[in-house]
Structure formats: C-alpha cells, structure tokens
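An overview of the molecular structure
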Amino acid sequence: MIYTITLNPAVDCTMTVSDYAEGRVNRAESQVLSAGGKGINMSVILNRLGIETKALGFCGGDTGQLLCRLLDKAQCPHSMTELDGKLTRINMKLHAQGTETEVNGKGPDISEQEIEKFTAELIATVKDGDTVILAGSIPSSVPDTVYSDIAELFAEKNVRIIADTSGKPLENILAKKPFLVKPNNFELAEICQREITTREQALSGAQILREMGAQNVLVSLAGEGAVLVCSDGRQYEIDAPKGEVKNSVGAGDSMLAGFLAGLELWHDDCKKALILATACGSATAFSESLAEKEEIMQLYEKLKGEN
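Everything in this summary refers to the structure shown in the same document. Worth saying up front: this structure is predicted, and the values here are computed from it rather than measured.

Right, let's talk about the overall build of the protein chain for a bit. Within the protein chain one finds ten helices and 13 strands. Over its C-alpha trace the protein chain gives a radius of gyration of 19 Å, about what one expects of a compact globule, namely 19 Å for 307 residues. Oriented by its inertia axes, the alpha-carbon framework of the protein chain measures out at about 55 × 45 × 40 Å. Out of the 307 residues in the protein chain, the part that is buried amounts to 52%. Long-range pairs, those at least 24 residues apart, make up 65% of the contacts in the protein chain between residues at least 6 apart in sequence. Per element, the accessible surface of the protein chain, about 14300 Å² overall, is 47% carbon and sulfur.

Next up, the structure:
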C-alpha cells in the first residue's frame, strides 16, 4: 500500500476566461472543481495505474466535506482526519490569455493535539512493506520538522519514506535517509545553493542530496525531462516528449506517482520506472487535468521505444 500525506489539501476551482481584464467583471467560460494537493494528485494517478493507495490528510467544515466528495468522484481512496470548526482552503486557478494565475487560500491552523492524533492513527495504519509519501507545503501552524518527525516514527520499520517538498522541510528529512526525494530544478537549486539549469548540474545537485542522506533522487526538469540518481550510483537521464502544454498543475506529482508505480509494477526496475514517470508527468501536462491511464500508457509505449 502506498499512503500519501497532504497536510494542507484544498478544493481547487479552475476557471477559464478568454477576454480577462483587471478592474471589471469577468465571466468564466468554464469552471471545474477538483480535489487539490500534491499527495492527493499522486493517489489519483496511482489508483488509475492500478496501484493500491490511500490519500491521508486533514479536512474541515463544508469545504472539507466537498473535498471528500470530489475524492469519491475521482475514485481516490481516502481517509481524512476532520478538523472541528475549521475550513479546508479553496485555491483559485485562472486560465486567461495564455497564462495561468493561481491564488491559493490560507489553510486552517492545525494544533499540536490534532497532529498527535493524526500520527497515532498513521502508526496504527501503516504496516511493514508499505510506502509513505510526504508531499507539499506544511501549514504555518505546524513545525517544519513534521515530515522528519513522521519519518522517525518508521525508522525501525520496513517502510519506504518518500518526500516531495522543499526548503527547510526537505533539508530536515534528508537526515532521516528517505528512500526517495523528488525536487524540481528550482527546489534543488535552493537547497544546494547553486544554479541548476542543465542536466549535468541537476545530476551534480542530486549527488549532493544523496550525500545529505537521500537514498535515491529524482529531479524533474519540466520540458527538459528528468534525471535520476540511484542508491547504487547509477544515473539515468530522459527527454520529455514534445506536446502542447495545457496544464502544469500536478505534472510533477504525476511524475513521482508514475515512478513509484513503475517500481511496484517492475520490481524496482529504475529505468522502466523513469520512463513511466515521464509518461505520467507529460500526459498530465498535455491534458486539462490529471491524466487518464490510456493517455499515460500511450506516451509510455512511445517513450519506451525511444529509450
């Protein structure tokens, strides 16, 4: 089982406006509501690929109930811890005149007691052989050590810890020797304090993260593809397929989900997993929302023939 943890999920409202102008009433041509959050996106993709998964996190109030209904609609298995008297945030995403603008709502404050309840339930749920993905931003009310604290809970168990975060939370969790971390080039540049614009620089930065504790490092490079440095020292590079980018939201999440699905499907074959990862990330980027399995596998077959 692959569990994804999203501490600060959201209801995403995506609107498309063709003739947007500031300072006046704009009317959307279309609007879509979806369950948002890095871990949630990963669970959706994993489920579509036939991998057993469950999305964990917090929800609150009417918007939290809506979040759970949207997860059900997406056929995403979930178990959300309810926050009494608090609201799940709403994120606005505006597509207008060829640009994508986001306004992310402020998440609810989560108390120390609520975190303790969540982690107690997590310990009781996760078994040997499971995978736990710690994904996304940490609410301002929660210590930035929360991911590393959760990783420590499973230090003596056969549980794979995956981290998709940035800044101090990423730095903190590296000391716990996670199985895999997945920064993009900007997040890698931040933690390495150096420019990351080429694959060679990305591979060098990934080696730094391995020296800091990560066992495996997958770096997404948007249209330039991805690089992977494995625990045994092997390195892989892959080009991104060409296509019209319609949606950047969730592409990196889809890539990580695809990589983990590949490891599950092909018994830790990193090369095949990287190809599936690239297919997942690109298929989502070429779609209006998270990619469907058919779109992913079509790209996978194409990339497999090229790699």
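Picking up after the structure, the text goes on.
A separate point is the sheet that holds strand β2 (residues 10-17). To summarise the sheet geometry, strands pair through backbone hydrogen bonds and adopt either a parallel or an antiparallel arrangement. Strand order in the open sheet formed by four strands is β3-β2-β6-β7, with mixed pairing between adjacent strands. In the strand order of this sheet, the two ends are held by β3 (30-36) and β7 (99-104), each with one partner. Neighbour to neighbour, the strand axes of the sheet diverge by 20° on average, direction disregarded. Inspection of the sheet shows strand β6 (residues 89-96) paired to β7 by six bridges, in the antiparallel sense. By the bridge assignment, Met92 is partnered in β7 with Val103. Each of β2, β3 and β6 is contacted by helix α2 (residues 61-73), which is oriented at about 90° to β3, the strand it contacts most.

Our focus in this paragraph is the sheet that holds strand β4 (residues 53-59). Spatially, nine strands are ordered β5-β4-β1-β8-β9-β10-β11-β12-β13 in an open sheet, and the strand pairing comes out mixed. The open sheet has two edge strands with one neighbour each: β5 (78-82) and β13 (235-238). Sheet analysis places strand β1 (residues 2-6) next to strand β8 (residues 131-135), joined by four bridges and oriented parallel. If you follow Thr4 over to β8, its bridge partner there is Ile133. Contacting β10 (180-181), β11 (216-220), β12 (226-229) and β13, helix α7 (residues 199-212) crosses the sheet at an angle of about 35° to β12.

Turning to the pairing of β2, a few remarks are in order. Counting buried positions along β2 gives six out of eight residues, so the element sits mostly inside the fold. Where β2 lies against β3, seven bridges are found, and the strand directions are antiparallel. Within β3, the position partnered with Cys13 by the bridge is Leu33. The sheet contact formed by β2 and β6 spans eight bridges and is parallel. Within the sheet, the bridge partner assigned to Thr14 lies in β6 and is Lys93.

What follows concerns the packing of aromatic side chains. The description of an aromatic ring pair uses the distance of the two centres, along with the angle that the planes make with each other. Under the criterion given, the structure shown has two aromatic pairs. Judged by centre distance (5.0 Å) and plane angle (35°), the rings of Phe58 and Phe118 are tilted. Of this pair, Phe58 sits in strand β4 while Phe118 sits in helix α3 (residues 112-125), and the two are 60 residues apart along the sequence. Judged by its relative accessible area of 2%, Phe58 is buried. Consider the rings of Trp266 and Tyr300, whose centres lie 5.3 Å apart with planes at 15°: the pair is stacked. You can see Trp266 sitting in the loop between α8 (251-265) and α9 (270-285) and its partner Tyr300 sitting in helix α10 (residues 293-306), a full 34 residues away along the chain. Exposure remark for Tyr300: the relative accessible area of 3% places this residue in the buried category. Residue placement shows Arg160 over the ring face of Phe179; its charged tip is 4.0 Å from the ring centre.

The rules we used
- Just so you know, the residues in each chain are numbered from 1, in the order the chain's sequence is written.
- Per-residue local features are limited, in this predicted model, to residues with pLDDT of at least 70; the limit for side-chain atom pairs, both in listing and counting, is 80 or more; totals at the level of whole chains, interfaces and linings are taken over all residues.
- Only heavy atoms go into the side-chain values, all of them from the structure, while hydrogens and water stay out.
- Numbering of helices and strands runs from the N terminus, with a helix taken as a DSSP run of H or I at least four residues long and a strand as a DSSP run of E at least two residues long.
- Using C-alpha atoms as the atom set, the radius of gyration is obtained and then compared with a globule rule of 2.2 Å times the number of residues to the power 0.38.
- Note on classification: 1.4 Å probe, protein chains only; a residue is buried when its accessible area is under 20% of the maximum for its type, exposed when over 50%, partly exposed between these limits.
- Contacts are assigned to residue pairs that have any heavy atoms within 4.5 Å of one another.
- All accessible areas in this document rest on Shrake-Rupley with a 1.4 Å probe, and a residue is counted as covered only by the protein chains that are shown.
- The pairing criterion for strands is at least two bridges between them, as found by DSSP.
- For helices, the fitted line uses only the C-alpha atoms of the stretch in contact; every axis is such a line through C-alpha atoms, and the angle between N-to-C directions lies from 0 to 180 degrees.
- Working definition: a ring pair exists when centres of Phe, Tyr or Trp rings (six-membered ring for Trp) sit within 6.5 Å. Plane angles under 30 degrees give stacked, over 60 give edge-to-face, the rest tilted.
- Think of it as a cone above the ring: NZ of Lys or CZ of Arg counts as a charge over the ring if it is within 6 Å of the ring centre and within 35 degrees of the ring normal.

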